[in-house]
Amino acid sequence: MKRLTLMYSEKEDGIWNAPKAVADDGTLDSQINADGKFVVWENTKTILDANESNFVNIMGASEIAVARYNGNGYDAPIILTDNAVADFSPVVAANGDCAIVAWLSNTESDIFSQNGTTSICYRCFDGTKWEETQYIDNVGAVSRLEVQYYDNIVQIIYKKANDINVFDITANQTKAVYSGDIRQYASSPDGVYVFTASDEIVFADYNGNSSMVADDITYNGIPQFVHSSEVSYLLWCENVDAGIRLCGIKETENEWSDKLVFLSGDYDIVSPYANLTENGFSIGYIRRTNTNSLQDGDVVPDKLTCDLYISDILPTYNLKAEYAEYSGDGIITYTITNTGTEDINAFDVSISQNGNSIASEQVNEKIIAGGSITKEVIVDDFDENSEAILSVET
């Protein structure tokens, strides 16, 4: 592949405009990352020969480019590197008009770090100019790289094998955050949420203290943490028979919900990226054909259809009556599940037989989003030969 162009689209009055090029120099653009006004990518500095097959030569032509949005489009890109070795995996974090860009560089253009020396490089933008490149030397094989830029936090997070480390740029210090059976993780301002090989989610703060957040969790892809001062979401994808669905947990007032399902259908959700909105969050993702959802006789497509979707996830308040069981001594035990995205603090329950109410009560107990509650209620004149109907209202 000789050429890929980085494109963007803007939304005006609820309508997405036609895509435009961020920059089009006729070369290969890849490995895109964006935050706030800034977007970074790997930019091949020459047009590749169609017959070029030497991967080291291809990667040796890669440089790191950054462009800033000015309100009407993107400024001309700034090339942050200019050398004959591989610069790759760029990431950016923005804080208003300021930003930090980090990337990996290998002296032998080996992105797998089996040869040569790999370093983490970074440059900071103070709102006017880009500072000189700084280095974290000889870090070895880094499988994931992130940067964070908040008012009092400027740091680089990186994963090597089964270790997650954080480099504090202000203090010029590296600290170990978590070591163990890491499958994947999502970073937050306070620490990382580690998805372990034991199907648990463990939170580890940047001082190395850890605690379990959830268990019995399966996932697909890279999880994401999005937050405001009032609410946080930890999002991930999960394989099911019909496709890949978007799941997550929600934190309000220092309490996490049980697992929630935000998007699900007979398709795969690929590369989701979320941003908080006033009432919930917006999620951009690639929706891909899932062949498991095809029925007998359906023709398997030659190509998997991939389309870009954006969905708004709004608050929902839903209760589901799971089951009711009569114990034989005038008591019915019932279970109610909160299938919405918000906690519910009170609800009404009624049980009827043959069109007549045999029990009702108002329950003033909170059910967290995704959670369940089991209660007992006394009934009058229960008919064991008739079906009992359990209903619930908020």
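Residues numbered from 1 in each chain as written. Predicted model: local features only at pLDDT ≥ 70, side-chain atom pairs only at ≥ 80, totals over all residues. Heavy atoms only, no water.

Draft legend 1. Spatial organisation of the packing of aromatic side chains. Throughout the structure, instances matching the rule amount to 16 aromatic pairs. Measuring from centroid to centroid gives 5.5 Å for Phe195 and Tyr219, while their planes differ by 55°, and the two rings are tilted. Note that Phe195 is positioned in strand E18 (residues 191-196) and Tyr219 in the loop between strand E20 (210-214) and strand E21 (220-227), a separation of 24 residues in sequence. Overall, the relative accessible area of 22% leaves Tyr219 in the partly exposed class. Between Tyr285 and Tyr309 the ring centres are 5.9 Å apart and the planes differ by 20°, which places this aromatic pair in the stacked class. Of this pair, Tyr285 sits in strand E27 (residues 281-289) while Tyr309 is found in strand E28 (residues 306-313), placing the two residues 24 residues apart along the sequence. (Phe/Tyr/Trp six-rings, centres within 6.5 Å; stacked < 30°, edge-to-face > 60°. Helix = DSSP H or I, 4+ residues; strand = E, 2+ residues; numbered from the N terminus. Buried < 20%, exposed > 50% of the residue type's maximum accessible area, 1.4 Å probe, protein only.)

Draft legend 2. Geometry of the pattern of salt bridges. As enumerated under the stated definition, the model contains 14 salt bridges in all. We note a salt bridge from Asp82 to Lys45, for which the minimum N-O separation is 3.9 Å. Separated by 37 residues along the polypeptide, Asp82 in the loop between strand E8 (78-79) and strand E9 (86-95) and Lys45 in the loop between strand E6 (38-44) and helix H1 (55-60) bring together distant segments of the chain. In this structure Asp82 comes out as exposed when scored by relative accessible area, which is 69%. A relative accessible area of 39% places Lys45 in the partly exposed class. Two residues, Lys375 and Glu365, come together in a salt bridge whose shortest N-O distance is 2.6 Å. Of this pair, Lys375 sits in strand E33 (residues 372-378) while Glu365 sits in the loop between strand E32 (356-363) and E33, and the two are ten residues apart along the sequence. The class of Lys375 is partly exposed, set by a relative accessible area of 22%. In the salt-bridge network here, residues are joined through shared partners; they are Lys45, Glu63 and Asp82. (Salt bridge = Lys/Arg side-chain N within 4 Å of Asp/Glu carboxyl O.)

Draft legend 3. Quick peek at the environment of Glu10. Relative to the assigned elements, Glu10 resides in the loop between strand E1 (6-8) and strand E2 (11-12). Beyond its immediate chain neighbours, meaning those up to four positions away, Glu10 contacts Ile15, Trp16, Asn17, Lys20 and Tyr69. (Contact = heavy atoms within 4.5 Å.)

Draft legend 4. Region of the structure containing the sheet that holds strand E14 (residues 154-160). Strand order across the open sheet formed by four strands is E13-E14-E15-E16, with antiparallel pairing between neighbours. With partners counted over all chains shown, the strands left at the sheet margins are strand E13 (144-149) and strand E16 (173-179), one partner each. Looking at each pair of strands side by side, their axes are set apart by 20° on average, direction ignored. The pairing of strand E15 (residues 163-168) with E16 spans six bridges and is antiparallel. The residue bridging Phe167 from the neighbouring strand is Thr174, located in E16. (Pairing = 2+ DSSP bridges. Axes fitted to C-alpha atoms, helices over the stretch in contact; angles between N-to-C directions.)

Draft legend 5. Seen up close, the sheet that holds strand E5 (residues 29-35). Strand order in the open sheet made by the four strands is E5-E6-E7-E8, with antiparallel pairing throughout. Each end of this open sheet is capped by a strand with a single partner; those strands are E5 and E8. Where E6 and strand E7 (residues 62-68) come together, seven bridges link them in antiparallel fashion. Counted as the bridge partner of Val40 is Val66 from E7.

Geometry only, nothing functional implied.
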